[in-house]
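Each chain is listed here by its residues.
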Amino acid sequence: MNKTATHIIGARLLHALALAAFVAFALFPLFWLLKVSLTPDDLMYGEGVRLWPSRVTLDHYGSVLRHSQFPLFFRNSLIVSAATGLLATAAASAAGYAFSRFRFRGKAWVMGVMLVSQMFPLVIIVAPIFRLLSPLGLTNSLSGLVVVYTAFNTPFAAFLMQSFFEAIPKDLEEAAMMDGATRFQALRRVILPLTLPGLAATGGFVFTAAWSELLFSLMLNSSAAVSTFPAGLLGFVSKFSVDFGQMMAAGVLALLPVGAFFLLIQRYLVQGLTAGAVKG
Amino acid sequence: MSRALALRLEPYLYAAPSLLLIAAIMLVPLVTGLSYAFHDLILLDPLSGDFVGLDHFREMLDDDGFWTALRNTVVWTAVSVALQFGFGLILALLLDRPFPGRGLVQALVFLPWAVPGFLSGLTWAWLFNPVIGPLPHWLHGLGLLATPENILSDPHLALWGPIAANVWWGIPFFAITLLAALQSIPKDIYEAAAMDGAGPLLRFRRVTLPLLAPTIAITVMLRTVWVANFAELIVVMTKGGPADATQILSSYIFTLAFQRLDFGYASAVAAVLLVLLLAYAAAVMVLRHAMTERA
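Residues numbered from 1 in each chain as written. Chains lettered and ligands numbered in written order. Predicted model: local features only at pLDDT ≥ 70, side-chain atom pairs only at ≥ 80, totals over all residues.

An unreviewed UniProt entry lists chain A under the name ABC transporter permease, with Nitrospirillum viridazoti CBAmc given as the organism. Note on chain A: under the UniProt heading Subcellular location (unreviewed entry), the record states "Cell membrane". If you open the UniProt record of chain A and go to Sequence similarities (unreviewed entry), you find "Belongs to the binding-protein-dependent transport system permease family." (UniProt positions renumbered as here; feature names shortened; annotations may be inferred.)

The following block contains the structure:
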């Protein structure tokens, strides 16, 4: 009796310790980013590797916001990521719905093409895309990035949406269609409201991916007026590579929107994937 | 009649916007990009552009940079994916058990996934910098480093920097997908196994692992392809250096294209990488098929 009790307590303790180790590992780099961003310049080298500086300051954030172009980069990234999130989720829901509800000729091919589109190094298409978009006036433009990012993110988003649709019984829209609604009406009024968490998770996922993209942002947009945050931050790093406080303050600012978004949607991601797994 | 036609067309209409977009922005450029592999194409050089057949592929055979990058790609991908998967599986198993505060813990341990790739690279590069980061001092304290120096500037150790960042960043992906798969295993299977006297380890081996196997196969395959293509961490943390020691194929392609402006040769290397990855994916699919057939 006593032996099993100690056994259970031991197991719980081990479980808690292991989880604590994972939490510490996940958060430590972000904690360090925050710490350095708050360390005053005069303590930066003297107390560089202490866990917490003896004084903290918001100066680095002040100079990043006032004396750099980061507010502009932030705005550009917000526009591009939000537009990409909306467009890719819309296109992917339609495709995911088709994958989940229809058997149609060529379906395996369509899904195979989408899978292959996830397999090649995207560097190989930078030059062709530049040549494609340039005559259309879509280089050095935020719309160009939206088009490219929407295409890149649609395949995975479609598979994700498919798994959310799989979790919703077909009877629901069939009942609505019996009552005289077309399939599209049934989809809009019955099914989509039920997949709201799935739409949010997919949208959040795409938003995060677009927010993080560096390569195409660098290559397609050379003008600072249409630079996104990653390209801006990298430019800042290569220009002022010793101003650690400001770089990390900018890094923390880059992290805020995606971090907040992610904390809100992460449980729906698990739910959505669970739903997909049930169906196999 | 037209109603029947409309019904047959319906699935295509739903899939059309995605397909058109992917075809225009990804597949057509892919074909163009692959065709560059057979051309002498140097950006800003108006004399280039000739068809050169297989010259780039012959050049590759004697290119030490290519072979180093190929070796590094294997190490980088295998070590990163193995560690991401191992820790991800442990984390998923830990999170699968109910405990107070699970929602919060789950959100926190998954957070690295939300960190943009380039920013994880920068953050880890800073952590490895002895001026500003603690890691060299800790590694020195543990006796792993003779002096607290930056491993990113040591050709023998530098690849471990991006690998550490990659593991940190990639654990949540496996944890999320494996947790989802774990939660869809009906609980009564475990109860039945426990009733038959199976201990936790045996239940894990005989019940959990076989049921997770299909998810594991597909996620490991997707992740392997993705990690092999993932150049950002290396470009941001070491730029492939010192002296090309940490170049993987995808970062090498990046360097060839955007520093040497040699798009022809870069495309040829990319074509080789694509073929290797497709062969790998096909092998995994065949293996998975064979395993499910047997079961």
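Undergrad: I tried to follow the overall build of chain A on my own but got confused; where do I start?
TA: Secondary structure summary: chain A contains 13 helices and zero strands in total. Going residue by residue from the N terminus, the α and β elements of chain A occur as α-α-α-α-α-α-α-α-α-α-α-α-α. Computed over its C-alpha atoms, the radius of gyration of chain A comes to 24 Å, more than 25% above the 19 Å expected for a compact globule of 280 residues. Here the C-alpha coordinates of chain A stretch approximately 80 × 75 × 35 Å along the principal axes. Per-residue burial over chain A gives 46% buried out of 280 residues. (Helix = DSSP H or I, 4+ residues; strand = E, 2+ residues; numbered from the N terminus. Rg over C-alpha atoms; globule rule 2.2 N^0.38 Å. Buried ≥ 20, exposed ≤ 12 C-beta atoms within 10 Å, placed from the backbone.)

Undergrad: Can you help me understand the overall build of chain B in this one?
TA: Tallying secondary structure elements over chain B gives 12 helices and zero strands in all. Going residue by residue from the N terminus, the α and β elements of chain B occur as α-α-α-α-α-α-α-α-α-α-α-α. Overall, chain B is about 80 × 75 × 35 Å in size when its C-alpha atoms are taken along their principal axes. Burial statistics for chain B: of 295 residues in total, 44% are counted as buried. Intrachain contacts of chain B at a sequence separation of at least 6 include 66% that bridge at least 24 residues. (Contact = placed C-beta atoms within 7 Å.)

Undergrad: Mind showing me how you'd approach the domain arrangement of chain A here?
TA: Residue and element names in this part refer to chain A. What the domain assignment reports for chain A is domain 1 (1-57) and domain 2 (66-279). The distance between the C-alpha centroids of domain 1 and domain 2 comes to 33 Å. Facing seven residues of domain 1, the contacting portion of domain 2 comprises six residues. Of all the elements in the fold, those that place two or more residues in the side of domain 1 that touches domain 2 are α1 (2-38) and α2 (41-44). The element contributing the most residues to the side of domain 1 that touches domain 2 is α1, with four residues. (Domains from an automatic or database assignment.)

Undergrad: Can you help me understand the interface of chain B and chain A in this one?
TA: How big an interface is tends to be stated in terms of the accessible area lost upon association of its parts. Opposite the 70 residues of chain B that make contact, chain A presents 68 residues. Mapped by element, the contributors of at least two residues to the side of chain B that touches chain A are α1 (2-36), α3 (64-96), α4 (102-110), α5 (117-127), α7 (160-183), α9 (200-229), α11 (249-258) and α12 (263-294) of chain B. At 17 residues, the largest contribution of residues to the side of chain B that touches chain A is made by α1 of chain B.

Undergrad: Is there a simple way to think about the UniProt feature "transmembrane region" (unreviewed entry) in chain A in this case?
TA: All names here are of chain A. In the numbering used here, UniProt assigns the feature "transmembrane region" (unreviewed entry) to residues 12-34, 78-99, 108-130, 142-165, 186-208, 214-237 and 249-270. A distance of 30 Å separates the end C-alpha atoms of residues 186-208, which is 96% helix and 0% strand. Here residues 249-270 is 100% helix and 0% strand, with 31 Å between the C-alpha atoms at its ends.

Undergrad: Which parts of the structure should I look at to understand the nonpolar core?
TA: Note on soluble globular proteins: their nonpolar side chains tend to be buried together. With 164 residues, the main nonpolar core has A175, I253 and V269 of chain B as its most contacted residues. The residues contacting I253 of chain B, other than those within four sequence positions of it, are P121 and V123 of chain A together with A266, V269 and A270 of chain B. (Core = buried A, V, L, I, M, F, W, Y, C linked by C-beta atoms within 7 Å.)

Undergrad: I keep staring at the environment of W32 of chain A and nothing clicks. Help me out?
TA: Mapped onto the elements of the fold, W32 of chain A is located in helix α1. Judged by C-beta crowding, with 21 C-beta atoms within 10 Å, W32 of chain A ranks as buried. Along the sequence, W32 of chain A and W52 of chain A sit 20 residues apart, while their C-alpha atoms lie 9.0 Å from each other. Filtering out sequence-adjacent residues up to four positions away, W32 of chain A remains in contact with L127 and G133 of chain B.

Undergrad: How should I be thinking about the confidence of the model for chain B in this particular structure?
TA: Close inspection of predicted coordinates is inappropriate for parts of the model with low pLDDT. Residues and elements named next belong to chain B. Per-residue pLDDT for chain B has a mean of 88; in total, 98% of the residues score no lower than 70. Across chain B, the secondary-structure element scoring lowest on mean pLDDT is helix α8 (residues 187-195), at 82, and the one scoring highest is α3, at 95. Across the assembled chains, the prediction reports ipTM 0.87 with pTM 0.87. (pLDDT = per-residue confidence, 0-100.)

Undergrad: How should I be thinking about the packing of helix α8 (residues 171-178) of chain A against helix α9 (residues 183-194) of chain A in this particular structure?
TA: To characterise two packed helices, one gives the angle between the axes of the helices and the distance between these axes. All names here are of chain A. Two numbers describe how α8 lies on α9: the axes approach to 9 Å, and their chain directions differ by 125 degrees. Between α8 and α9, the angle is such that the two are oblique. The hand of the α8/α9 crossing is right-handed. For the pair α8 and α9, contact is made by L172, E173, A176 and M177 and by R183, A186, L187, V190 and I191, respectively. Partitioning the contact of α8 with α9 into residue classes produces seven nonpolar, no polar and two charged. (Axes fitted to C-alpha atoms, helices over the stretch in contact; angles between N-to-C directions. Parallel < 35°, antiparallel > 145°, perpendicular 65-115°, else oblique. Left-handed = near helix turned anticlockwise from the far one by under 90°. Nonpolar A, V, L, I, M, F, W, Y, C, P; charged D, E, K, R; others polar.)

Undergrad: What exactly am I supposed to notice about unusual backbone geometry here?
TA: Backbone geometry places N140 of chain A, a non-glycine residue, at a positive phi of 55 degrees. A positive phi angle, near 65 degrees, is found at D244 of chain B, a position not held by glycine. For D244 of chain B, the position within the fold is in the loop between α10 (232-237) and α11.

Undergrad: Which parts of the structure should I look at to understand the confidence of the model for chain A?
TA: Across chain A, the average pLDDT comes to 87, with 94% of residues at 70 or higher. Taking the mean pLDDT of every element in chain A, the minimum, 78, falls on helix α13 (residues 244-279) of chain A and the maximum, 94, on helix α4 (residues 70-101) of chain A.

Undergrad: Is there a simple way to explain the environment of V270 of chain A in this structure?
TA: Structurally, the position occupied by V270 of chain A is in helix α13. Since 21 C-beta atoms lie within 10 Å of it, V270 of chain A is described here as buried. Sequence separation between V270 of chain A and A201 of chain A is 69 residues; the distance between their C-alpha atoms is 9.5 Å. Excluding anything up to four places from it in sequence, V270 of chain A contacts I176, L179 and A180 of chain B.

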